[in-house]
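Spelled out, the chains give:
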Amino acid sequence: MVLGGSTGLVTLGLDSEQRAARFVRALRVIRPLLTIGGLDSLAATTDDGSHASLDPGERRAAGIPRGTVRLSLGIEDVDDLLLDLEGALAATTPRRAAKVR
C-alpha cells in the first residue's frame with residue numbers, strides 16, 4: 001500500500017522543561033505519548049520519553065538541552081499540523097507585560 005504522505009522525526013528545543021511539558025499538553029492534533037513512531041503525529045519531552053531514565057546532569061552531559069521536545073510527524077494534513085504547532089507555541093510563549101506610558 002502506498003501512503004499519501006511521509007513521516008519524520010523533529011526535535012524542538014524550548015527554554016525549560018516546564019514549557020516543554022506545557023507545549024506537549026497544548027497540542028490538539030499531535031498526541032502526547034511516551035514513544036515515537038507510527039503514522040500518527042506524536043510528541044514527547046525527553047523528561048517523559050526517550051531519556052526519562054537519565055537525571056538532569058546525565059542529560060546535560062549527553063548534550064540533551066533542557067526543554068527538548070521530540071515530534072514524530074505523521075501523515076495528517078500539513079496545515080492541521082502547522083496550526084497545532086503554532087497554537088501550542090502561542091499558548092506556551094510568555095507574554096510581555098504591557099508597557100505603561
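Here the structure is shown first, and the text comes after it.
Residues numbered from 1 in each chain as written. Predicted model: local features only at pLDDT ≥ 70, side-chain atom pairs only at ≥ 80, totals over all residues. Heavy atoms only, no water.

## As for the overall build of the protein
Then, in step 1: Per the secondary structure count, the protein includes 3 helices and 4 strands.
Then, in step 2: Ordered by position from the N terminus, the helices and strands of the protein form the series β-α-β-β-α-β-α.
Then, in step 3: The buried share of the protein, taken over its 101 residues, is 29%.
Then, in step 4: Within the protein, counting contacts between residues at least 6 apart in sequence, those at least 24 apart form 72% of the total.
Then, in step 5: Looking at the protein as shown, the accessible area adds up to about 6800 Å², and 56% of this sits on carbon and sulfur atoms. (Helix = DSSP H or I, 4+ residues; strand = E, 2+ residues; numbered from the N terminus. Buried < 20%, exposed > 50% of the residue type's maximum accessible area, 1.4 Å probe, protein only. Contact = heavy atoms within 4.5 Å. Areas by Shrake-Rupley, 256 points an atom, 1.4 Å probe, with all protein chains shown as cover.)

## Let's talk about the environment of Leu9
Then, in step 1: Within the secondary structure, Leu9 is located in strand S1 (residues 8-13).
Then, in step 2: In sequence terms Leu9 and Ser41 are 32 residues apart; their C-alpha atoms lie 9.5 Å from each other.

## Topic: helix H1 (residues 17-26)
Then, in step 1: Considered for burial, the residues of H1 that qualify are Arg19, Ala20, Phe23, Val24 and Ala26. Viewed end-on, H1 has its buried residues packed into an arc of 160 degrees, placing them on one side of the element. (Arc of directions from axis to C-beta.)

## A closer look at the nonpolar core
Then, in step 1: Phe23, Leu27, Ile30, Ala43, Val69, Leu71 and Leu85 are the most contacted members of the largest nonpolar core, which has 13 residues in total.
Then, in step 2: Those elements that provide at least two residues to this core are H1, strand S4 (68-73) and helix H3 (78-92).
Then, in step 3: Looking at this core element by element, the count peaks at 4 residues for H1.
Then, in step 4: Residues in contact with Leu85, not counting those within four places in the same chain, are Phe23, Leu27, Ile30 and Leu71. (Core = buried A, V, L, I, M, F, W, Y, C linked by side-chain atoms within 4.5 Å.)

## Structural notes on the pattern of salt bridges
Then, in step 1: Under the criterion given, the structure shown has 3 salt bridges.
Then, in step 2: Residue Glu17 is joined to Arg66 by a salt bridge in which the shortest nitrogen-to-oxygen separation is 3.1 Å. Of this pair, Glu17 sits in helix H1 while Arg66 is found in the loop between helix H2 (56-61) and S4, placing the two residues 49 residues apart along the sequence. (Salt bridge = Lys/Arg side-chain N within 4 Å of Asp/Glu carboxyl O.)

## Some remarks on the environment of Ala44
Then, in step 1: Here Ala44 is to be found in strand S3 (residues 42-45).
Then, in step 2: Sequence separation between Ala44 and Val24 is 20 residues, and the spatial gap between their C-alpha atoms is 6.8 Å.

## Re the side chain of Ser16
Then, in step 1: Summarising the element assignment, Ser16 is placed in the loop between S1 and H1.
Then, in step 2: Those residues within four positions of Ser16 in sequence are excluded, and the remaining contacts are Arg66 and Gly67.

Any functional reading would require information that these geometric values do not contain.
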